[in-house]
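Structural overview for review
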Amino acid sequence: METKRKFIMRFGITVCLLAILFLEGLFLYCRYVKHTSISQYAVEKLQLAQKWISHSGAQTANAKTPASRELPTVKSITPNALPFQTAADFLQEMIREKEFRIPEKRHAAPVSSNSGTEADPAYPTEETPPKEDPEAATASPSPKPKKTKAKAAPAEAMAADSTGLDVTNIHELVERQAAAGIKPNMEGRIQLEAESILQYPELPTGCEVTSLTMALRFAGYDVSKEELADQFLDKAAPGTVSYKTAFWGDPRQADSFGCYAPVIVKAANKYLANQKSEKTAYNLTGASLDDLLAEVRMGYPVIVWGSMYIDEEIVFSYGWDIEGETVTWPSNEHCMLLIGFDTANNSVIVCDPLSGIVSYDKNAFQRHYDTLEKQAIVIY
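Report follows, based on the coordinates. None of these values were measured; they are calculated from a predicted model. (Residues numbered from 1 in each chain as written. Predicted model: local features only at pLDDT ≥ 70, side-chain atom pairs only at ≥ 80, totals over all residues. Heavy atoms only, no water.)

**Examining the overall build of the protein**
Scanning the protein for helices and strands turns up 11 helices and 13 strands. Counting all 380 residues of the protein, 46% fall into the buried class. Partitioning the intrachain contacts of the protein with sequence separation of at least 6 by distance along the chain shows that 69% fall at a separation of at least 24. Working note: accessible area of the protein is about 19200 Å², and carbon and sulfur atoms make up 55% of it. (Helix = DSSP H or I, 4+ residues; strand = E, 2+ residues; numbered from the N terminus. Buried < 20%, exposed > 50% of the residue type's maximum accessible area, 1.4 Å probe, protein only. Contact = heavy atoms within 4.5 Å. Areas by Shrake-Rupley, 256 points an atom, 1.4 Å probe, with all protein chains shown as cover.)

Structure, rendered in structure tokens:
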């Protein structure tokens, strides 16, 4: 009996030690490899299991499809069909009570994928071709693009390209970099001292306006993300207008979508005009990532569009007919503030509204940036 008791005690101690070693290893893995917490990692794994169980083709309720392509949604499946749903909900509630962040995917269930997307070279040397200004074309027959002044009014500083985006003449960006002696191939490490602001819990889908808040605060303005979202951001019901015209939904609502650069440029310039500021927000859509890093090197953080998850591709959900055109939404679309780079490990440094100040692989970051039409905004 004594021998059996000793065996049980030793066995219990061994199991406890192994459990401690496992948890310690899991903590180190989450902290230094996945850059997340154990609780958040567990939630992601449970959600992944739920996704497999509910079928990989299921689509979230946010990403609406036309009636001809109705798919079962995660919300439409009964809890009994998802044995992990209760556990996931419990963990999420526990994390919320402890004020942890849960980076939920925005409208993440894809219908189609971006196949064939390859990573661009780490530091491309070719310059971005200048975009032609329509005002110059109407003023004279000369095909040369019209140059804009650094302190020009927003209407003068931007022109509409063939995709409908209001973009700054890239020729001006290249000129500014050349005048400052900035070369595309940069060496070393730079990180601007920008304030990190998180979108949760007030703005669960407000990564764009949160990134704008960080950029404006870096520029010296005492503004909150809620003020920008409520007073200066143009909003519309999803699918009624282009998300290049207005934010789809409301950043305060978890089932909203987002917007593209022109909407944030307009919100920024409305705020700057309200403050009687001489600064202007410029839409740099179309500039190469190295051009943006040159802006950072000159001391200007850049608002950029990419993916919520650096290791996942951006895919487009199909389903809205707007003025006779089929409009798709980029699942996992995300917006961040680019504040630095490190050439030693080929990474970029961003203020991520979901994760704080983090480093991402430059090739993966550039692939997402290119997929979302190379959207970027700078304020100066």
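**A look at the packing of aromatic side chains**
In total, this model carries 13 aromatic pairs according to the counting rule given. Ring plane angle 85° and centroid distance 5.5 Å describe the contact between Phe232 and Tyr271, whose orientation is recorded as edge-to-face. With Phe232 in the loop between α8 (225-231) and β4 (235-236) and Tyr271 in helix α9 (residues 261-274), this residue pair connects regions lying 39 residues apart in the sequence. Exposure class is identical for Phe232 and Tyr271. Each is buried. Look at Trp248 and Trp329: their rings are 6.0 Å apart centre to centre, the planes differ by 25°, and that puts the pair in the stacked class. On the criterion of sequence distance, the pair formed by Trp248 in strand β5 (residues 247-248) and Trp329 in strand β9 (residues 325-331) is long-range, its members being 81 residues apart. For the pair formed by Trp248 and Trp329, the shared burial category is buried. Here the guanidinium or amino end of Arg176 rests over the ring plane of Tyr380, the centre of that ring lying 4.1 Å away. (Phe/Tyr/Trp six-rings, centres within 6.5 Å; stacked < 30°, edge-to-face > 60°. Lys NZ or Arg CZ within 6 Å of the ring centre and 35° of its normal.)

**Concerning unusual backbone geometry**
Here the amide bond leading from Tyr200 into Pro201 is cis, since omega sits at 0°, within 30 degrees of zero. Mapped onto the elements of the fold, Pro201 is located in the loop between β3 (189-191) and α7 (207-218). Backbone geometry places Asn346, a non-glycine residue, at a positive phi of 55°. Tracing the chain through its elements places Asn346 in the loop between β10 (333-342) and β11 (347-352). Using a relative accessible area of 15% as the deciding quantity, one classes Asn346 as buried.

**Describing the environment of Glu193**
Relative to the helices and strands, Glu193 resides in the loop between β3 and α7. The exposure class assigned to Glu193 is exposed, which follows from its relative accessible area of 74%. Between the alpha carbons of Glu193 and Pro301 there is a distance of 9.5 Å; along the sequence they are 108 residues apart.

**Observations regarding the nonpolar core**
By size, the foremost hydrophobic cluster in this structure holds 69 residues, and its most contacted members are Leu212, Leu216, Leu292, Trp305 and Leu338. Of all the elements, α9 adds the most residues to this core, at eight residues. Every residue in contact with Leu212, bar those within four places of it in the chain, is listed here: Leu228, Ile264, Ala267, Ala268, Ile303 and Ile379. (Core = buried A, V, L, I, M, F, W, Y, C linked by side-chain atoms within 4.5 Å.)

**Comments concerning the pattern of salt bridges**
For the coordinates displayed, the defined rule picks out 11 salt bridges. We note a salt bridge from Asp342 to Arg189, for which the minimum N-O separation is 3.4 Å. With Asp342 in strand β10 and Arg189 in strand β3, this residue pair connects regions lying 153 residues apart in the sequence. A salt bridge links Glu195 to Arg217, with the nearest nitrogen and oxygen atoms 2.7 Å apart. Note that Glu195 is positioned in the loop between β3 and α7 and Arg217 in helix α7, a separation of 22 residues in sequence. For Glu195, a relative accessible area of 40% corresponds to the partly exposed category. Salt bridges here are not isolated pairs; linked through shared partners, they connect Glu195, Arg217 and Asp222. (Salt bridge = Lys/Arg side-chain N within 4 Å of Asp/Glu carboxyl O.)

**A few points about the packing of helix α10 (residues 289-297) against helix α11 (residues 362-371)**
Where α10 contacts α11, the two axes come as close as 11 Å, and the packing angle between them is 110°. As the angle between them shows, α10 and α11 are arranged roughly perpendicular. Contact residues: α10 offers Leu289, Asp290, Leu292 and Leu293, while α11 offers Lys362, Phe365, Gln366 and Tyr369. Residue classes in the contact of α10 with α11 are distributed as five nonpolar, one polar and two charged. (Axes fitted to C-alpha atoms, helices over the stretch in contact; angles between N-to-C directions. Parallel < 35°, antiparallel > 145°, perpendicular 65-115°, else oblique. Nonpolar A, V, L, I, M, F, W, Y, C, P; charged D, E, K, R; others polar.)

**A short note on a nonpolar patch on the surface**
Judged by side-chain polarity, Phe7, Ile8, Phe11 and Val15 come together as a nonpolar surface patch covering roughly 430 Å² of accessible area. The topology assignment puts Phe11 in helix α1 (residues 2-32). Owing to a relative accessible area of 53%, Phe11 belongs among the exposed residues under this scheme. (Patch = residues over 30% accessible without salt bridge, like charges linked within 9 Å, V, L, I, M, F, W, Y side chains within 5 Å.)

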